[in-house]
Amino acid sequence: MRRNHVTEHQQNTTAAKLEELHSRLEKSLDPGSESAKAKRDAAGLSTPRQRIDALLDEGSFSEIGALGRTPGDPDAPYGDGVVTGYGRIHGRPVAIYAHDKTVYGGSVGETFGKKVVEVMDMALRIGCPIIGINDSGGARIQDAVMSLAMYSEIARRQMPMSGQSPQISILLGPSAGGAVYAPVTTDFVVAVDKRTQMFVTGPAVIESVTGEKVSMEELGGARQQARNGNVSYVAPSEEEAFNYVKDLIDFLPSSAWDSTPEFWAPSDELTERDVELNSIIPDDPNAGYDMMDVLTRIFDDENILEVQDDYGQNVITAFARIDGRSVGVVANQPMEIAGCLDADAADKAARFIRICDAYNIPLVWVVDTPGYLPGVEQEKQGLIHRGAKLGFATVEANVPKVTVVVRKAFGGGYAVMGSKNMGADINFAWPTAQIAVMGAEAAVVMMQGKQLAQMPEEQRPAAKKMFMDFYNANMTSPYVAAERGYLDGVIAPEETRLRLRQALRQLRHKQTVETPKKHNILPM
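Since this is a predicted model, take the numbers as computed values, not measurements.

### A few points about helix α13 (residues 291-298)
For an α-helix, the turn length of 3.6 residues means that residues three or four places apart are oriented alike.
Alright, step 1. The buried fraction of α13 amounts to seven of the eight residues, a majority that puts the element mostly inside the structure.
Alright, step 2. For α13, the full list of buried residues reads M291, M292, V294, L295, T296, R297 and I298.
Alright, step 3. Where α13 begins, the side chain of D290 points an oxygen toward the backbone nitrogen of M292, at a separation of 3.0 Å.

As structure tokens, then:
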């Protein structure tokens, strides 16, 4: 009796309780089964805590819920398949969670869901970004409705957070069903080449239902899904994925009520790179050139961070800096279908504009487009309503808006690419700009086609050239738009960097009055 009494007494000492705590915490550090951990290690994969440490500032991670596990099961592993907590990136607070594939395959169970919901609620309360490192098996079948309920709880918090604080998902493995719907509802999705797969249903289910055979990579590989418009950036490695997110965070505010970080900015003095802009546009109006050569010269430096660069490549959406402050850039890319706007590009640009507007990031349009892309296939893809979203987003945005037309701005492309008539605050054009309903090549067919057809064949080229020269001088000239007040200035290309700075300094405290209503309605 005495011995039992001593043992019980020893178990109630502070030292014994501390020993028990340390024992439980030790088990929680890598709680997966030995076979699952061996499989992970053999594949050379990192642990969730290693991933968090690689992304966050050194020593800044503060974990919560480490001892959470399936209720009522004394043998259940700690963590329940997810590591959650808070930390900092470049000194700024973030909430974070990382799936643990070695515990229930990283599937979502009741405790898992409650842990993720807790950090989401904290991010909502304090106004900070939330980052999810996803490597999940999807819903936990044995948790039945509780797993589905937790997916719904997570989804229910994504909507109020949308546009309040940045939501970023990093996908480091296969994601199916709910495990893919949750990430694509966030603002940015970062994938890793040859590692990430995304699909609503996997190849096995597709084959059993439809008879179609397809590999995981063909169906939902990172590159394929980037081309489908479901990925913001495909990284060549896990490390590069984390680096992209760190760069992205530097361009974003912590919340819609905070300013973006400020960085070093060069002086207003003209540089050699500014002068290079004077010869960057080809003399041939139909010749291509890389719009990135323009963008890297008109902002503070060459630090241009593209978003969705594999999707709708005829439009560039990216973050840059003017005066050390973040701006969102929407620019046509003449190297891809001559910079025409198609359905994919319109979707891409419209969503990016709404992201920038939500986080109070000024917008800069750099324009060189012949207009919307004609064709039967484009009509089938819904160019009408998808193209309308771009104009809708342009008007809806109330952040400072500045536009530079460097070459073509024809038809509907002129309107939706930051025209003054759709609410841009300050509009510039280079002397190489052409602004009209259509280009001279198309206009000569529409306006002079019958007359040219009636001429002797040897006279047609000279007559066509004469009409095109007249059209370009009197219809497409930027001075026509400037005379009518649709441009605030025709500027030398070398002035662009300084004029953009001056414009955004003027617009820094722009305010707009919105009509009280519940919300707008997107085009069909």
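### Quick notes on the pattern of salt bridges
Alright, step 1. Considering all chains together, one arrives at 35 salt bridges under this definition.
Alright, step 2. Two residues, D121 and R157, come together in a salt bridge whose shortest N-O distance is 2.7 Å. On the criterion of sequence distance, the pair formed by D121 in helix α5 (residues 110-126) and R157 in helix α6 (residues 145-161) is long-range, its members being 36 residues apart.
Alright, step 3. Where K420 meets D488, a salt bridge forms, and the shortest distance between an N and an O atom there is 2.9 Å. Placement of the pair is K420 in the loop between α17 (411-416) and β15 (426-429) and D488 in the loop between α20 (478-483) and β17 (489-490), with a sequence separation of 68 residues.
Alright, step 4. Taking the relative accessible area as the measure of exposure, K420 reaches 22% and is therefore partly exposed.
Alright, step 5. Residues joined by salt bridges that share partners form a network here, namely D268, D300, D323, R501, R505 and R508.

### Some remarks on the nonpolar core
Alright, step 1. Grouped together as the largest cluster of nonpolar side chains are 58 residues, with contacts concentrated most on L55, I131, I133, I170 and F319.
Alright, step 2. Examining the composition of this core, we find that eight residues originate from one element, helix α14 (residues 343-358), more than from any other.
Alright, step 3. Those residues in contact with L55 that sit more than four places away from it in its chain are I89, I96, I131, I133, I170, F242, V245 and K246.

### Focus: the layout of surface pockets
Alright, step 1. Taken as a whole, the largest pocket encloses approximately 1,400 Å³ of empty space.
Alright, step 2. Residue lining of the largest pocket: 40 residues in total, with R354, D357, A358, E396 and N520 positioned closest to the centre.
Alright, step 3. Elements supplying a minimum of two residues to the lining of the largest pocket: α6, α14 and α16 (383-396).
Alright, step 4. Counting residues per element, the lining of the largest pocket draws most heavily on α14, which supplies eight residues.
Alright, step 5. Among the residues forming the lining of the largest pocket, the class breakdown is 16 nonpolar, 13 polar and 11 charged.

### What to know about the packing of α5 against α6
Alright, step 1. Following both chains from N to C, one finds α5 and α6 inclined at 10°, their axes separated by 9 Å at the closest point. What the angle tells us is that α5 and α6 run roughly parallel. Here E110, G113, K114, V116, V117, M120, D121, A123 and L124 of α5 lie close against α6, whose contacting residues are M146, M150, E153, I154, R157, Q158, P160 and M161.
Alright, step 2. Residues that form the contact of α5 with α6 fall into these classes: 10 nonpolar, two polar and five charged.

Reading the values: the criteria
Residues numbered from 1 in each chain as written. Predicted model: local features only at pLDDT ≥ 70, side-chain atom pairs only at ≥ 80, totals over all residues. Heavy atoms only, no water. Buried < 20%, exposed > 50% of the residue type's maximum accessible area, 1.4 Å probe, protein only. Helix = DSSP H or I, 4+ residues; strand = E, 2+ residues; numbered from the N terminus. Polar contact = N/O pair within 3.5 Å; in protein donor to acceptor, adjacent residues only side chain to side chain. Salt bridge = Lys/Arg side-chain N within 4 Å of Asp/Glu carboxyl O. Core = buried A, V, L, I, M, F, W, Y, C linked by side-chain atoms within 4.5 Å. Contact = heavy atoms within 4.5 Å. 1 Å grid on protein atoms, 1.4 Å probe; cavity = no way out; pocket = protein on both sides within 12 Å on 5 of 7 lines; lining within 4 Å. Points joined across faces, edges and corners; volume = space filled by probe spheres on them. Nonpolar A, V, L, I, M, F, W, Y, C, P; charged D, E, K, R; others polar. Axes fitted to C-alpha atoms, helices over the stretch in contact; angles between N-to-C directions. Parallel < 35°, antiparallel > 145°, perpendicular 65-115°, else oblique.

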